[in-house]
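# Fold and contact review
The primary structure of each chain is shown beneath.
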Amino acid sequence: MTLRASSLGLCLLLAAGSATAAQPSNYVRVDAVSAQFDVLSLDDSSTGLMLTLGSRFTDYVGAELFYADLGEVEGGRLSGSSPLGFSGFSANFDAKVYGAGLNLRYPIGDSGFFMGGQGGIQWFDLSGSYSTGGFPGPIFRSLEQNDAGGYLGIALGYQFTESLDLSARWTRYAVDLDLGNREETLDPELLSVGLEYRF
């Protein structure tokens with residue numbers, strides 16, 4: 001909840017600050033993404049691609065839309081403890097995320113390097129199955145979920161030309177995993193490296 005509130009506050013603050021916008025500069029960015037998922041006994045990572053389309057209102061503030069296919073997540077463990085049944089958690093699902101937000105960018109002197117950040121709202125699609133401990137055996141369920149939440153991240157990059165730069169980004173997403181009778185905090189972390197082209 002704190003991450004969602006922080007994201008919303010950041011978006012409102014920056015949107016107000018960009019009211020005196022200059023000529024927009026459109027851009028497209030393609031990132032290779034590594035996502036880390038850690039919930040209960042599931043600790044796994046996946047890889048995928050992210051596509052971002054955006055427009056800069058000033059040299060420092062832009063708005064963007066993005067979509068990422070994060071691939072397959074599989075892991076966790078179930079263990080038998082007779083006569084008490086099974087315990088643990090395992091899952092196998094495909095993960096996708098799309099959203100909209102603001103992008104910050106601040107040049108570090110005349111070095112060509114820049115730092116930045118991103119924040120906004122996202123929708124996480126999870127599709128697959130999971131199993132939890134039970135008696136006399138594990139309980140298997142399908143997983144079809146679209147969870148909305150906020151995201152916040154930081155970035156560091158280098159500008160090669162007026163139209164091309166390379167950046168690395170770390171982003172954390174607020175996602176709750178619905179297990180039927182309860183929710184668990186998933187909050188995946190994404191590390192991405194990508195090229196941005198402005199036109």
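Residue indices follow the written sequence of each chain, beginning from 1 at its first position. Since the coordinates come from a predicted model, pLDDT governs what is reported: local features require at least 70, and pairs of side-chain atoms require 80 or more to be given and counted, while whole-chain, interface and lining totals use all residues. With hydrogens and water excluded, all non-hydrogen atoms of the structure serve as input to the side-chain values.

## Some words on the nonpolar core
For clarity, the cut-off: As used here, the term nonpolar core means buried Ala, Val, Leu, Ile, Met, Phe, Trp, Tyr and Cys residues forming a set that is joined through side-chain atoms within 4.5 Å. Any residue under 20% of the maximum accessible area for its type is buried, any over 50% is exposed, and the rest in between are partly exposed; the area is computed with a 1.4 Å probe on protein chains only. By the criteria applied, helices consist of DSSP H or I runs no shorter than four residues and strands consist of E runs no shorter than two, each listed in order from the N terminus. Throughout, a residue-residue contact means that at least one pair of heavy atoms, one from each residue, lies within 4.5 Å.
In this structure, F37, L70, F93, F124 and Y173 are the most contacted members of the largest nonpolar core, which totals 26 residues. Looking at this core, the elements that each hand over two or more residues are β1 (25-39), β2 (42-56), β3 (61-80), β4 (86-107), β5 (113-132) and β6 (139-159). By residue number, the principal contributor to this core is β4, which donates 5 residues. Excluding residues within four positions of it along the chain, F124 makes contact with F37, L70, A95, K96, V97, Q145, N146, D147, Y173, V175 and P188.

## Focus: a negative patch on the surface
Inclusion rule: Two joining distances apply to patches: 9 Å for like charges and 5 Å for nonpolar side chains (Val, Leu, Ile, Met, Phe, Trp, Tyr), and every residue must have over 30% relative accessible area and no salt bridge. Here, Shrake-Rupley sampling with a 1.4 Å probe gives the accessible areas, and only protein chains in the shown set may cover a residue. Each reported salt bridge corresponds to a side-chain nitrogen of Lys or Arg within 4 Å of a carboxyl oxygen of Asp or Glu. Under this rule, positive means Lys or Arg and negative means Asp or Glu; His and the chain ends count for nothing. By convention, the charge on Lys lies at NZ, on Arg at CZ, on Asp at CG and on Glu at CD.
Where like charges cluster on the molecular surface, the negative patch consists of D69, E72, E74 and D94. For the negative patch, the leading source of residues is β3, giving 3 residues. Along the chain, the position of E74 falls in strand β3.

## Here's the deal with unusual backbone geometry
Among all residues save glycine, negative phi is the norm, and among peptide bonds the norm is trans. For D187, which is not glycine, the phi torsion reads 40° and is therefore positive. Looking at the element boundaries, D187 is found in the loop between β9 (183-185) and β10 (189-198).

## Topic: the pattern of salt bridges
As enumerated under the stated definition, the model contains 8 salt bridges in all. For the salt bridge of R29 with E64, the shortest nitrogen-to-oxygen distance reads 3.6 Å. Here the residue R29 occupies a position in strand β1, and E64 occupies one in strand β3, the gap between them amounting to 35 residues. Of the two residues examined, R29 and E64, each falls in the buried class. For E196, the salt bridge identified is with R56, shortest N-O distance 4.0 Å. Taken as a pair, E196 in strand β10 and R56 in strand β2 lie far apart in primary sequence, 140 residues in all. Overall, E196 belongs to the buried group, its relative accessible area being 0%. The class for R56 is buried, based on a relative accessible area of 4%.

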